[in-house]
Amino acid sequence: MRGMSTPPSPTVQPATGRLGVLTVGLGAVATTLIAGVELAKRGQALPIGSLTQMGTIRLGKRTEDRSPLVKDFVPLADLNDIVWGAWDVFPDDAYVAASRAGVLDGGRHIEGIADTLRDIRPMKAAFERKYARNLDGQHTMGVGTPKRMMLNAIREDINRFRDEKECDRLVMIWCASTEIFIEPGPAHQDIASFEAAIDAEDDQISPAMLYAYAAILEGVPFANGAPNLAVDTPVLRKLATERNVPISGKDFKTGQTLMKTVLAPMLKARQLGLSGWYSTNILGNRDGEVLDAPENFKTKEESKLGVLEDILEPAKNPDLYGNVFHKVSINYYPPRGDNKEGWDNIDIFGWLNYPMQIKVNFLCRDSILAAPLALDLVLFSDLAQRAGLGGIQEWLSFYYKSPQCAPGLYPEHDLFIQLTKLKNTLRWMMGEEAITHLGREYYDEIPAEL
Ligand SMILES: NC(=O)c1ccc[n+]([C@@H]2O[C@H](COP(=O)([O-])OP(=O)(O)OC[C@H]3O[C@@H](n4cnc5c(N)ncnc54)[C@H](O)[C@@H]3O)[C@@H](O)[C@H]2O)c1
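Source: prediction; values computed, not measured.

(A) How the structure looks around the domain arrangement of the protein. Annotation of the protein at the domain level lists domain 1 (19-252 + 368-429) and domain 2 (256-363). With centres defined by C-alpha atoms, the gap from domain 1 to domain 2 works out at 26 Å. Counting residues at the interface gives 25 residues for domain 1 and 26 residues for domain 2. In terms of residue class, the side of domain 1 that touches domain 2 is made up of 11 nonpolar, eight polar and six charged.

And the structure:
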């Protein structure tokens, strides 16, 4: 390679002892995650959709025939070693929350693990109504609680949980409602301004940022499944790097955006033009209700809209992508519950400008798609920490709609580039060669008669 050398592989500490998983929010995604893992532990379900549990990874040349399961290749925490904790604005335990969420069939997927679910009772949420107006829960640290006190209370919760459950390691994952749109500003630049803003009750400091700050201060990796900033600010990125705590975000890539990051790279790979992409959804769960508020939807919209531009790079391909009309909407429609229906109408053009259309109608289940991503993020964040990797974990972009990356870099959205990067990172961690797909180094050695 010209001028570039791969840094030496890290030493990965073994996954001994218990891994505490702290979910912020005990709603549809979190309870679907917990129930699925508990069923998988008991051999009653397969963790379908989880790369860490079901996926394989090729090592070496294609002729070597080495493709172990990911979980046999890298030392991940065993599902049996996971213990759960959560915060929520509602006091419902995981049994009640899972039943309310309406994602899972109670008879098949809740009743058999009812005792375990009932034992998972949320801690009081660090919450302020102004960040999610459509949420009206009382199980909070208290209306008007100063931000400083909320921060300290989260830190105490983390440490108490760690002690009580005798955890060796912890991971925190944001599975709570999407907060209102906040842009990074002066309050988020450095510790001094961030700390001052906390004490000044500055609106720019949302509860998600307090959870993320508390996690980093306690040395707990933080993954952000929603589009709100949380850990994606200069101050927290720097702190996570300094303290060597893995962070990643934002917004689980499920449903429509997953389709977008597969289809858009295909159009670009074939140099087909795009004139418009109209995406709309109906969704009836609590997430949909929160997103029905314009300020909360704006956070989601920004996360969904950025994808096409980053993939298609209109400045480099103005004839094909210089004039794309892109629209995304989510409509709250209670009868569907968690079963989202998404429509995409894609207007493309080909040879001699002839127009064509692609229609996608994805009848998906939001939390069924999100839960395995949450599991992988938890396990990989823990792995990253044991490998000594702090700061932004760009290799986890695979899981996110708005992947966090270093300032000045553009995020990689193409699902298959993201997957290649993820797998090469695992290979590098374990001292295996990265796979470039060049193949020249062994192609001529393959006997012609085979
Ligand atoms: N399901 C998906 O496909 C998907 C994809 C991408 C992102 N997400 C995001 O994941 C998040 C969770 O989705 P869901 O369907 O589980 O939503 P949900 O409404 O069922 O659950 C969210 C829970 O978070 C709680 N909460 C809100 N603010 C809180 C706070 N400050 N502290 C503690 N708890 C708080 C709520 O009371 C609620 O129980 C949402 O932000 C959603 O946008 C979901």
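(B) Seen up close, the pairing of strand β10 (residues 355-363). Burial runs low along β10: only zero of the nine residues are buried. Looking at chain direction, strand β9 (residues 341-349) and β10 are connected through nine bridges and run antiparallel. For Phe349, the partnering residue across the bridge sits in β10 and is Pro355. Counting the residues between successive antiparallel strands, the hairpin from β9 to β10 contains five residues, one of them, Leu352, with a positive phi of roughly 60°.

(C) Molecular detail of the sheet that holds strand β3 (residues 123-124). Spatial strand order, β3-β2-β1-β4-β5-β6-β11: seven strands in an open sheet with parallel pairing. What marks the edges here is a single partner per strand, and that holds for β3 and β11 (391-392). In the sheet, strand β6 (residues 246-248) pairs with β11 via two bridges, with the strands oriented parallel. Opposite Ile247, over in β11, you have Ile392 as the bridge partner. This element, helix α7 (residues 147-164), spans β1 (19-24), β2 (82-88), β3 and β4 (169-174) of the sheet and lies at about 145° to β1. Its contacts with the sheet put helix α15 (residues 366-386) on β1, β4, β5 (222-224) and β6, and the angle it makes with β4 is roughly 140°.

(D) Fine view of the site of the ligand. Taken together, 36 residues form the shell around the ligand, and within it Gly25, Gly27, Ala125, Ala226 and Arg286 come nearest. Of the residues belonging to the shell around the ligand, the class tally is 21 nonpolar, 10 polar and five charged.

(E) Spatial organisation of the nonpolar core. Judged by nonpolar contacts, the single largest core of 105 residues is most densely connected at Met172, Ile173, Leu210, Tyr211, Ala212 and Ala374. Sort the elements by how many residues they give to this core and α15 lands first, with 11 residues. Excluding anything up to four places from it in sequence, Leu210 contacts Ala126, Lys147, Met150, Leu151, Ile154 and Ile205. The next biggest cluster of nonpolar side chains, apart from the first, holds 12 residues, and it includes Leu263, Leu267, Leu274 and Val307.

(F) Just the packing of helix α1 (residues 28-41) against α15, in detail. The contact between α1 and α15 brings their axes to 8 Å, and the two run at 65°. With respect to α15, the element α1 is oriented roughly perpendicular. Both α1 and α15 take part in a crossing whose hand is right-handed. Side by side, α1 and α15 meet where Ala28, Val29, Thr32, Leu33, Gly36 and Val37 of the first sit next to Ser367, Ile368, Ala370, Ala371, Ala374 and Leu375 of the second.

(G) Main features of the environment of Leu363. By secondary structure assignment, the location of Leu363 is in strand β10. Using a count of 9 C-beta atoms within 10 Å as the deciding quantity, one classes Leu363 as exposed. For the pair formed by Leu363 and Asn281, sequence separation is 82 residues and the distance between their alpha carbons is 9.8 Å. For Leu363, the residues in contact, after removing those within four places along its chain, are Asn339 and Glu341.

(H) Broad picture of unusual backbone geometry. Cis geometry marks the peptide bond from Gly249 to Lys250, where omega comes out at -10°. Locating Lys250 in the fold gives a position in the loop between β6 and α11 (255-269). At Asn244, a position not held by glycine, the phi torsion is positive, near 60°. Judged by C-beta crowding, with 14 C-beta atoms within 10 Å, Asn244 ranks as partly exposed. Positive phi is not limited to glycine here, since Glu313 has a value of about 45°.

(I) The arrangement of the sheet that holds β10 in detail. Ordered by their spatial adjacency, four strands build an open sheet running β8-β7-β9-β10, and the pairing between neighbours is mixed. If you trace the sheet from one side to the other, it starts and ends with β8 (325-332) and β10, each paired once. Strand-to-strand twist in this sheet, taken as the mean axis angle between neighbours without regard to direction, amounts to 10°.

(J) How the structure looks around α1. The end-to-end C-alpha separation of α1 is 20 Å, in line with the 20 Å expected for 14 residues at 1.5 Å each. In terms of burial, α1 is largely enclosed, as 11 of its 14 residues are buried. Every buried residue of α1 is listed here: Ala28, Val29, Ala30, Thr31, Thr32, Leu33, Ile34, Ala35, Gly36, Val37 and Glu38.

Thresholds applied
Residues numbered from 1 in each chain as written. Predicted model: local features only at pLDDT ≥ 70, side-chain atom pairs only at ≥ 80, totals over all residues. Domains from an automatic or database assignment. Contact = placed C-beta atoms within 7 Å. Nonpolar A, V, L, I, M, F, W, Y, C, P; charged D, E, K, R; others polar. Buried ≥ 20, exposed ≤ 12 C-beta atoms within 10 Å, placed from the backbone. Helix = DSSP H or I, 4+ residues; strand = E, 2+ residues; numbered from the N terminus. Pairing = 2+ DSSP bridges. Axes fitted to C-alpha atoms, helices over the stretch in contact; angles between N-to-C directions. Near = placed C-beta within 6 Å. Core = buried A, V, L, I, M, F, W, Y, C linked by C-beta atoms within 7 Å. Parallel < 35°, antiparallel > 145°, perpendicular 65-115°, else oblique. Left-handed = near helix turned anticlockwise from the far one by under 90°. Expected span 1.5 Å × (residues − 1).

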